[in-house]
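# Chains, contacts and geometry: an overview
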Number of protein chains: 2
Amino acid sequence: MSVSETASVHAGLPRILQVRTKILKKNDELAREMRAGFAAAGVRVVNVVSSPGAGKTELLTETLRQLRDRGAAVAAIVGDLETDNDARRLAASGAPVRQIMTHGLCHLEADMVQAELAAWEAEGLAVAGLQTLLIENVGNLVCPTSWDLGESLRVVLMSVTEGEDKPLKYPGLFNTADLVVITKIDLAEACRFDRAAALAAIEQVRPGVSVLETSAITGQGLDRWLAAVQ
Amino acid sequence: MSVSETASVHAGLPRILQVRTKILKKNDELAREMRAGFAAAGVRVVNVVSSPGAGKTELLTETLRQLRDRGAAVAAIVGDLETDNDARRLAASGAPVRQIMTHGLCHLEADMVQAELAAWEAEGLAVAGLQTLLIENVGNLVCPTSWDLGESLRVVLMSVTEGEDKPLKYPGLFNTADLVVITKIDLAEACRFDRAAALAAIEQVRPGVSVLETSAITGQGLDRWLAAVQ
C-alpha cells in the first residue's frame, strides 16, 4: 500500500487513491505529533527498513546488547506478518521488546507504534525515559516508504547478498533514507559484491546520504552505527 | 496491496476493502481467462516471486539460455518499480523479454501481463507458439500474494542468505506456492544455512510442497528446475 501506487492508472484506483490519501494524511499527522513528543523527551527513534532477510534483527540484537552494555536505556518494537521470532531474538539482549504481528499488512503504521508505546506505559515502562527506540519494520523494500512512524532517523539496510542495483530498482524507499547500511559485509567476497557499483547506485538515488558498511558477525562498522542511533 | 491487508481493522480500511475486493475480483476473472487461453495453447506460464535479491533474474537468465539451447520457444516478462536492468540481463539469453516498470506499485497484476502479451503480438511474436513464459514478479514477499497472473505454476524463491524462517514470517505467499526453490545454495556454508530448519519451515506453512535447491553459479539443481518449468 505504497503511496506511489497512486501513480497507477488501473481501474478503480482513483477511488482507492482518495481513501488512501486520507489515511496517509492521518498517519502523517499522528507521526508528526509522535515525533514532536519523542524530540521533547529526548528519545531517538530509528525506523529500520529493508528486504526480508537483509539482517535487520541480527544487527538490532547486537545494537540493543551493546547500547545496554554502555548503560543506555533502549527498547525495540518489531513488525512481522506472523510469528514473534524476531521479538524473541531481540529480547535476548535483555532490552524491552514488543512484537507487532500485522497479519498480512505489508508495513507498519504510526498508530500501531503508538499502541505498543501505550501498552508499555501501562506496564510501567516510561517511554520518555528511553534514549533510543529501535523500530524494525516489516521486510519490504516498497510499502513502508510512505508510512512515517514518527522516527528521527530512517535507515535502509541492504545486504551484500542482494545485488548492487537495489537502490535503482527500489528508489522510493532509498530516497527517503537518512542513512543506508550495507550489511553482511563479511560475505562480500563470497558474493562477489561490487562495492563501487553499490555506492554509485545509492549516490544516484539519494545523493549525499551517509553509508555505513557493517557485519553483525565480525563487528565491522558497528561503532559508527551505534554512534548514529544514539 | 495484499488481500490479507483486509484483515486489518485500521481506520478507513472498510472502504478500501470494498474497492479492493472489486479490483481483485476483476483481476481473478481476467487471470482465469488468461490461464484458460494459455492452457489451450499449451503455454506453460510460471510466476516467480521472492524477496528483492533472492536471485530471480540470475536463475531466469540461466533458465532461458538453457531452454533455448534445448530448442524450446521461451520468453520472459519482468516487473520492477524502476529500471530495465533485469530485462537487459534476461535478454542476454537471446529470448524475447519485456520489462514492466510499475513506478512504485509493489506487485504485478494480470492486466499488465495481458498488455505486454498484446504488445508482443503486435510485434509479430505469437504468444500461443511459446512453450514457456516466465514472469519475474516485483521483489516482494507480501504483496504479490493475492494477484493471480494466470500462471500454471507459482514459484517462490528463497535464498540461503535470507534466514530459514522466512516461510513462517511470510506465510501468505509461501502458502500459495506450487513450488519452492531455495537459491544460492553455493553460499550455504558461508551463511551457516540450516537446511533442516528451512525445510521444516516450508513444510509447516505449505505441507507437501515440492522444494528444489539450486545454484545458478554452480548449476546445482538446474536440471530438476528446468523440468519443472517446461
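We now turn to the structure provided with this report. (Residues numbered from 1 in each chain as written. Chains lettered and ligands numbered in written order. Predicted model: local features only at pLDDT ≥ 70, side-chain atom pairs only at ≥ 80, totals over all residues. Heavy atoms only, no water.)

## Some thoughts on the pattern of salt bridges
Stated formally: Basic side-chain nitrogens of Lys or Arg form a salt bridge, by our definition, when they fall within 4 Å of a carboxyl oxygen of Asp or Glu. Per the convention used, a helix needs a DSSP run of H or I reaching at least four residues, while a strand needs a run of E reaching at least two, with both numbered from the N terminus.
One pass over the full model with this rule turns up 32 salt bridges over all chains. One salt bridge in this structure joins arginine 195 of chain A and glutamate 213 of chain A, with 2.6 Å as the shortest N-O distance. Of this pair, arginine 195 of chain A sits in helix α7 (residues 195-205) while glutamate 213 of chain A sits in strand β7 (residues 210-213); the two residues are 18 residues apart in sequence, bridging distant segments of the chain. For the salt bridge of arginine 98 of chain B with glutamate 116 of chain B, the shortest nitrogen-to-oxygen distance reads 2.6 Å.

## Considering the relation of the copies chain A and chain B
Inclusion rule: When the copies are superposed, the least-squares fit draws on C-alpha atoms of residues that have pLDDT of at least 70 in both. In what follows, a contact means two residues having at least one pair of non-hydrogen atoms within 4.5 Å.
For the pair chain A and chain B, the relating rotation is 180°, the translation along its axis is 0.0 Å, and the fit reaches an RMSD of 0.0 Å. Look at the turn and shift together and you get a two-fold axis relating the two. A share of 100% of interface residues in chain A that are also interface residues in chain B marks the association as one of identical surfaces.

## A short note on the sheet that holds strand β3 (residues 97-101) of chain A
All names here are of chain A. Selection criterion: Paired strands are those between which DSSP finds at least two bridges. The axes used here are C-alpha line fits, helices contributing only the stretch in contact, and every angle between their N-to-C directions lies in the interval 0 to 180 degrees.
Taken in spatial order, the seven strands make up an open sheet running β3-β2-β4-β1-β5-β6-β7, and their pairing is parallel. On the outer flanks of this sheet lie β3 and β7, each paired with one strand and no other. Here the strands of the sheet are splayed against their neighbours by 20° on average, with no regard to which way each runs. The sheet contact formed by strand β6 (residues 179-183) and β7 spans four bridges and is parallel. Counterpart to isoleucine 182 in the pairing with β7 is glutamate 213. Along the sheet, helix α4 (residues 110-122) contacts β2 (74-80), β3 and β4 (132-136); its crossing angle with β3, the most-contacted strand, is approximately 140°.

## Examining empty space enclosed by the protein
Where we set the bar: Cavity: a set of points on a 1 Å grid over the protein atoms alone where a 1.4 Å probe fits but cannot get out. Pocket: an open set with protein on both sides within 12 Å along at least five of seven lines, its lining residues, like those of a cavity, having an atom within 4 Å of a point. Grid points are joined across faces, edges and corners, and a volume is the space filled by probe spheres set on the points. Just so you know the grouping, Ala, Val, Leu, Ile, Met, Phe, Trp, Tyr, Cys and Pro go in nonpolar, Asp, Glu, Lys and Arg go in charged, and all remaining residues, Gly too, go in polar.
The full count for this structure, using the stated rule, is two cavities of 30 Å³ or more. Volume-wise, the largest cavity comes out at about 50 Å³. Forming the walls of the largest cavity are 14 residues, and the residues nearest its centre are Pro52, Thr161 and Glu162 of chain A together with Thr161 and Glu162 of chain B. In terms of residue class, the lining of the largest cavity is built from four nonpolar, seven polar and three charged.

## Side note on the pairing of strand β1 (residues 44-49) of chain A
All names here are of chain A. Just so we agree on the cut-off: The cut-offs for exposure are 20% and 50% of the maximum accessible area for each residue type, with area from a 1.4 Å probe on protein chains only; residues under the lower value are buried, those over the upper are exposed, and the others partly exposed.
Among the six residues of β1, five are classified as buried, and the element is accordingly described as predominantly covered. Bridge count between β1 and strand β5 (residues 153-159): four bridges; the pairing is parallel. Bridging across to β5, asparagine 47 finds its partner in arginine 154.

## Brief notes about the interface of chain A and chain B
What counts here: N or O atoms within 3.5 Å of each other form a polar contact, as long as, within protein, one can give a hydrogen and the other can take it, and as long as residues adjacent in sequence are counted only when both atoms are side-chain atoms.
Contact with chain A, which involves 52 residues of that partner, is made by 52 residues of chain B. At the junction of chain A with chain B, the criterion picks out four salt bridges. A salt bridge links aspartate 86 of chain B to lysine 169 of chain A; its shortest N-O distance comes to 2.7 Å. Put simply, chain A and chain B have 10 residue pairs in polar contact (both at pLDDT 80 or more) between them. Elements represented by at least two residues in the side of chain A that touches chain B include exactly α1 (13-41), α3 (85-91), α4 and α5 (166-169) of chain A.

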